[in-house]
Amino acid sequence: MKSNLTRTILALSLFTICTSGGCEHSQTHNGGSQLSEQVNALTKRLEDLEGRPQQDSGPTNATKVQVDSDKSEGVFADATHVVAAGHNVLIYFATTNYASGAPSESTAQLSVYMNYYTAKRLQAALAMSVQRHVAVFGEVQPSKPSGQPTTHGKTAVMYANFVRLTGSPEELIIDLGLNPQPVGIPNKPISIAHTTIMDFHTATTFLHQVSTLIEEYEAQNGPIETDIQKRFTN
């Protein structure tokens, strides 16, 4: 029988998007028995999902998506900033300038545009990942949000309609790419352009930022329907 620690790591190594049936999570307080119950629940979920295809937050109904990350560039982020950009969402992944003596300042390493459909899928993935982490390790204090980071000539700018999240006990890994075949099953691997890594303090802040922007958009424009089939009109 696996130890609790091993089972916890296995449960957290799941991709943060589950099947269409959804995932249920509950928060836990400090206590060995409650932690054990959460680990058991996550391990059961892991067993249920074993052998099933990985899921992503791209605009596709594909049951199996292959990715190519050979040319992916890594970015570390401990600060994020999310703003509306016309009909799109603009996300800055940044690092804090601690050496400058002004920790509230940060420099953007990557600027990512995505439509609101992708942003809402990302919100769901972030919420699931943070909830899973909290269920096992307890509450996570969000990092102190900073204003819009400073950009520079080397700041990469990209558009993404494919986002995949992978959770570990200490970090959240976000793969970003462009799916040229958003409807149906892609017949070629999706190229991952950038991979962003952040701790769960930053991820919690990021989730709040994305959720706030989506709530404001939906209050003005109505619900965002992420299921393409349901958006078809007769």
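Before reading further, recall that the structure is shown in the block above.
Heads up: these notes are all about the structure in this document.

Conventions used here
The numbers attached to residues start from 1 for each chain and follow its sequence in the written order. In view of the model being predicted, local features appear only for residues whose pLDDT reaches at least 70, and side-chain atom pairs are presented and counted only at 80 or more, with totals across whole chains, interfaces and linings using the full set of residues. Side-chain descriptors were evaluated using all non-hydrogen atoms of the structure, hydrogens and water having been removed beforehand. A pair of strands is considered paired only if DSSP assigns at least 2 bridges between the two. Secondary structure elements follow DSSP: runs of H or I no shorter than four residues count as helices, runs of E no shorter than two count as strands, and numbering proceeds from the N terminus. Fitting a line to C-alpha atoms yields each axis, with helices limited to the stretch in contact; the angle taken between N-to-C directions then spans 0 to 180 degrees. Two residues form a contact once any of their heavy atoms are found within 4.5 Å. A helix is expected to reach a length of 1.5 Å times the quantity of its residues less one. Buried, partly exposed and exposed residues are distinguished by accessible area as a fraction of the type maximum, computed with a 1.4 Å probe on protein chains only: under 20%, between the cut-offs, and over 50%, respectively. In the analysis that follows, any N or O atom pair within 3.5 Å is treated as a polar contact, provided that within protein one partner can donate a hydrogen and the other can accept it, and provided that, for residues neighboring in sequence, both atoms belong to side chains.

**Overview of the sheet that holds strand E6 (residues 156–159)**
Piece 1. On the basis of which strands lie adjacent, the open sheet formed by 4 strands has the order E3-E4-E5-E6 and mixed pairing. Each edge of the sheet is formed by a strand with only one pairing partner; in this case those strands are strand E3 (79–85) and E6. Each adjacent strand pair in this sheet contributes to an overall mean axis angle of 20 degrees, direction not counted.
Piece 2. Contacting E3, strand E4 (88–96) and strand E5 (106–115), helix H3 (residues 116–137) crosses the sheet at an angle of about 115 degrees to E5.
Piece 3. The strands touched by helix H4 (residues 200–221) within the sheet are E3 and E4, with E3 carrying the most contacts at an inclination of about 10 degrees.

**Points about the environment of Gly-86**
Piece 1. For Gly-86, the location among the structural elements is in the loop between E3 and E4.
Piece 2. Between the alpha carbons of Gly-86 and Asn-115 there is a distance of 9.5 Å; along the sequence they are 29 residues apart.

**Points about H3**
Piece 1. Compared with the 32 Å implied by 1.5 Å per residue over 22 residues, the 31 Å span of H3 between its first and last C-alpha is a close match.
Piece 2. Extensive coverage of H3 is indicated by the burial of 17 of its 22 residues.
Piece 3. The N-cap of H3, judged by a side-chain oxygen 3.1 Å from the amide nitrogen of Tyr-117 a few residues on, is Asn-115.
Piece 4. Residue Gly-138 follows H3 closely and has a positive phi angle near 95 degrees.

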